[in-house]
Amino acid sequence: MTTFFVAPFNPTNWKTVKSDLSIDPTSYKQQLIADWPNTTFHDLSPHVLLAWSIAGEYIYCSLQMDKQTLTLDAPYEAFFLWHRSVIPVEYRLYLFHESSSDSMELKPATKLEDLHKYLGRS
């Protein structure tokens with residue numbers, strides 16, 4: 001299974017680019033509960049700040065200790081778009097997977113069809 005990441009940096013230059021994005025785990029959890037009511041939270045500290053799965057989707061997600069990077073164990077287009085919508089637009093977000101340096105910038109105007117194309121589902 002491929003792990004997907006959403007982060008405020010392009011994976012090709014992660015060593016040189018810094019971001020001041022800081023996702024508050026408490027606030028993010030409240031947004032998850034409000035918008036994804038079938039969310040189940042898991043206690044995995046001290047490895048991640050927040051871990052959850054969304055009922056019916058069988059996808060495990062987590063917010064990493066850097067308060068910037070999300071990890072998903074499978075692609076979930078609707079969630080990628082939701083995450084983009086809750087992060088302030090001044091932060092660039094990139095979607096990429098562990099086996100490639102190829103990435104897609106998630107912009108506020110990104111559409112489901114754009115994600116399908118990037119993921120090879122078109």
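Note: the structure precedes this text.
Note that this is a predicted model, so its numbers are computed, not measured.

S.K.: In this structure, what is going on with the overall build of the protein chain? I would like to understand it.
M.R.: Secondary structure summary: the protein chain contains three helices and seven strands in total. Mapped from its N terminus to its C terminus, the protein chain presents α and β elements in the order β-α-β-β-β-β-α-β-β-α. For 122 residues, the compact-globule estimate of 2.2 N^0.38 gives 14 Å, and the C-alpha radius of gyration of the protein chain, at 14 Å, lies within 12% of that figure. Oriented by its inertia axes, the alpha-carbon framework of the protein chain measures out at about 35 × 30 × 25 Å.

S.K.: Can you walk me through the sheet that holds strand 3 (residues 50-54) in this structure?
M.R.: What holds strands together in a sheet is hydrogen bonding between their backbones, with the strands either parallel or antiparallel. Across the sheet, seven strands lie side by side as 2-3-4-5-1-6-7; this open sheet has antiparallel pairing. Each of the sheet's edge strands pairs with one partner strand only, and the pair in question is strand 2 (39-42) and strand 7 (103-106). Neighbour to neighbour, the strand axes of the sheet diverge by 25 degrees on average, direction disregarded. Relative to strand 3, strand 2 is paired through four bridges, and the arrangement is antiparallel. The residue bridging phenylalanine 41 from the neighbouring strand is tryptophan 52, located in strand 3. Contacts from helix 1 (residues 25-35) reach strand 2, strand 3, strand 4 (60-63) and strand 5 (70-72), with the element oriented near 10 degrees to strand 3. Contacting strand 1 (4-7), strand 3, strand 5, strand 6 (93-97) and strand 7, helix 2 (residues 77-86) crosses the sheet at an angle of about 170 degrees to strand 5.

S.K.: What is the right way to read the side chain of threonine 110 from this model?
M.R.: Within the secondary structure layout, threonine 110 lies in the loop between strand 7 and helix 3 (112-118). A relative accessible area of 12% means that threonine 110 is categorised as buried. Contacts of threonine 110, omitting those with residues within four sequence positions, involve Leu81, Met104, Glu105 and Leu115.

S.K.: Help me understand the packing of aromatic side chains, please; the structure alone is not making it clear to me.
M.R.: One pair of aromatic rings is described through two measures. These are the centre distance and the angle between the planes. The tally for this structure, following the rule as stated, stands at eleven aromatic pairs. Seen in terms of ring centroids, tyrosine 76 and phenylalanine 79 are 6.5 Å apart; in terms of plane orientation they differ by 15 degrees. Their pairing is stacked. For the residue pair tyrosine 76 and phenylalanine 79, the accessibility class agrees, reading buried in each case. Measuring from centroid to centroid gives 5.2 Å for phenylalanine 79 and tryptophan 82, while their planes differ by 35 degrees, and the two rings are tilted. On the criterion of helical spacing, the pair formed by phenylalanine 79 and tryptophan 82 is a turn pair, its members being three residues apart in helix 2. Judged by its relative accessible area of 0%, phenylalanine 79 is buried. Sitting over the face of the ring of phenylalanine 41, lysine 29 holds its NZ or CZ atom 4.6 Å from the ring centroid.

S.K.: What exactly am I supposed to notice about the side chain of glutamine 68 here?
M.R.: Assignment of secondary structure puts glutamine 68 in the loop between strand 4 and strand 5. Among the residues examined, glutamine 68 registers a relative accessible area of 11% and is labelled buried. Leaving out residues up to four positions away in the same chain, glutamine 68 has contacts with Val6, Ala7, Pro8, Ser19, Asp20, Leu21, Ile23 and Leu63.

Criteria and cut-off values
- Throughout, a residue's number is its position along its own chain's written sequence, starting from 1.
- Local features are withheld for residues below a pLDDT of 70 in this predicted model, meaning they are given only at 70 or higher, and side-chain atom pairs are given and counted only at 80 or more; totals for whole chains, interfaces and linings count all residues.
- Excluded from the side-chain calculations are hydrogens and water; all other atoms, namely the structure's heavy atoms, are used.
- Comment: elements are numbered from the N terminus, with helices defined as DSSP H or I runs of at least four residues and strands as E runs of at least two.
- For the radius of gyration, the atoms used are the C-alpha atoms, and the globule rule reads 2.2 Å times the number of residues raised to 0.38.
- Two strands pair under a simple rule: DSSP has to find at least two bridges between them.
- The angle between two axes is taken between their N-to-C directions and runs from 0 to 180 degrees, where each axis is a line fitted to C-alpha atoms and a helix contributes only its stretch in contact.
- Contacts are assigned to residue pairs with any non-hydrogen atoms lying within 4.5 Å of each other.
- Remark: exposure states derive from per-residue accessible area (1.4 Å probe, protein chains only) relative to the maximum for the residue type, with buried under 20%, exposed over 50%, and partly exposed in between.
- Note on aromatic contacts: the rings of Phe and Tyr and the six-membered ring of Trp form a pair at centre separations within 6.5 Å, being stacked when their planes are under 30 degrees apart, edge-to-face when over 60 apart, and tilted otherwise.
- The rule is short: NZ of Lys or CZ of Arg within 6 Å of the ring centre and within 35 degrees of the ring normal puts a charge over the ring.

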